[in-house]
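# Examining the three-dimensional arrangement
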Amino acid sequence: MQEESVMFDIQGILVSLDVAERYFCCDLDACHGDCCIEGDAGAPVTEAECEALRRVLPEIIDDLLPAARREIEEKGVAYVDEEGDLVTSIVDGRNCVFTTMAPGGMCQCAVEKAYREGRIDFRKPISCYLYPVRVDRYPTCTAVNYHRWKICKAAEANGRRLGLRLYEFLREPLTEAFGKEWYDELCLACKAYLEQQNEM
């Protein structure tokens, strides 16, 4: 008997079945953007993204909280965490320095806010754009995994109400990260898998 696959293989990139199975749509009214301020490390970034953050910093610096401005002045926009990964700098051991507060106490990404307002041409690091999936790179493969945690329970419930799967919710960031052809192939694999599950 052939062992059942636990991941999709899309052009050599392994994708968790959660991406097809899970319903998901961010519900900021419920979570208040807490993914920007919860955790023990910043968001993964590349050297190129660090350069982009430094470049747009003068445009967004006044939007940042005072403690975040001090952290950036002293230590920069990113640091290497305990696992050896380059991540955005944080304040108080958890809050991303690029978090700003909107009315009502909702967290906002100052970088994305400025991008949406047309003030800068850099949206935000791809790891943030892709969230709640994480791209894990290993010596022999690259894997796309769903990061499950309590903060996103409301998003799962919201996605279920809307009938929106995780791969559908992340259409734009997945396309930006891996290309339209890759995303289209992922869609076909997800739909075929879900149809198969419904028939069982």
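The present account deals with the structure reproduced in this document. (Residues numbered from 1 in each chain as written. Predicted model: local features only at pLDDT ≥ 70, side-chain atom pairs only at ≥ 80, totals over all residues. Heavy atoms only, no water.)

### Let's talk about the state of the cysteines
- All chains considered together, the criterion is met by zero disulfides.
- No disulfide involves cysteine 25; its nearest neighbouring cysteine sulfur is the one of cysteine 26, lying 6.7 Å away.
- Judged by its relative accessible area of 14%, cysteine 25 falls in the buried class. (Disulfide = S-S within 2.5 Å. Buried < 20%, exposed > 50% of the residue type's maximum accessible area, 1.4 Å probe, protein only.)

### With respect to the pairing of strand β8 (residues 106-109)
- One ladder, built from four bridges, connects strand β7 (residues 99-102) with β8; its direction is antiparallel. Counted as the bridge partner of threonine 99 is cysteine 109 from β8. (Pairing = 2+ DSSP bridges. Helix = DSSP H or I, 4+ residues; strand = E, 2+ residues; numbered from the N terminus.)

### Quick look at the nonpolar core
- Of all hydrophobic cores here, the largest spans 28 residues; its most connected members are Phe8, Val15, Tyr167, Leu174, Trp182 and Leu186.
- Those elements that provide at least two residues to this core are β1 (7-10), β2 (13-16), α1 (18-21), β10 (142-146), α8 (166-169), α9 (171-178) and α10 (180-199).
- By residue number, the principal contributor to this core is α10, which donates eight residues.
- With near-sequence residues (within four places) excluded, leucine 174 lies in contact with Leu130, Tyr167, Gly179, Trp182, Tyr183 and Leu186.
- With 22 residues, the next largest nonpolar core counts Cys50, Val56, Ala78 and Val91 among its residues. (Core = buried A, V, L, I, M, F, W, Y, C linked by side-chain atoms within 4.5 Å. Contact = heavy atoms within 4.5 Å.)

### As for the sheet that holds β2
- The four strands are arranged β1-β2-β10-β9 in an open sheet whose pairing can be described as mixed. The sheet terminates laterally at β1 and β9 (133-137), the two strands that pair on one side only. Between one strand axis and the next, the sheet turns through 25° on average, direction left out of account. (Axes fitted to C-alpha atoms, helices over the stretch in contact; angles between N-to-C directions.)

### Description of the packing of aromatic side chains
- Tallied over the full model, the rule gives four aromatic pairs.
- Ring geometry for phenylalanine 24 against tyrosine 146: centres 6.1 Å apart, planes inclined by 80°, an arrangement best described as edge-to-face. A residue pair is termed long-range when its members are at least 10 positions apart, and phenylalanine 24 in the loop between α1 and α2 (28-31) and tyrosine 146 in strand β10 qualify at 122 residues. Across the pair, exposure class does not vary: phenylalanine 24 and tyrosine 146 are buried alike.
- Ring geometry for phenylalanine 24 against phenylalanine 169: centres 5.4 Å apart, planes inclined by 50°, an arrangement best described as tilted. Here phenylalanine 24, found in the loop between α1 and α2, pairs with phenylalanine 169, found in helix α8; they are 145 residues apart in sequence, far enough to count as distant.
- A relative accessible area of 25% means that phenylalanine 169 is categorised as partly exposed.
- Taken together, the ring pairs in this structure connect Phe24, Tyr146 and Phe169 into an aromatic cluster.
- The positively charged end of arginine 165 is found above the aromatic ring belonging to tyrosine 23, 4.1 Å away from the centroid. (Phe/Tyr/Trp six-rings, centres within 6.5 Å; stacked < 30°, edge-to-face > 60°. Lys NZ or Arg CZ within 6 Å of the ring centre and 35° of its normal.)

### Structural notes on the packing of α9 against α10
- Packing of α9 against α10 leaves a shortest axis separation of 7 Å and a crossing angle of 130°. Judged by the inter-axis angle, α9 sits oblique to α10. Residues Arg171, Leu174, Thr175 and Phe178 of α9 form the contact with α10, whose own contacting residues are Lys180, Trp182, Tyr183 and Leu186.
- In terms of residue class, the contact of α9 with α10 is built from five nonpolar, one polar and two charged. (Parallel < 35°, antiparallel > 145°, perpendicular 65-115°, else oblique. Nonpolar A, V, L, I, M, F, W, Y, C, P; charged D, E, K, R; others polar.)

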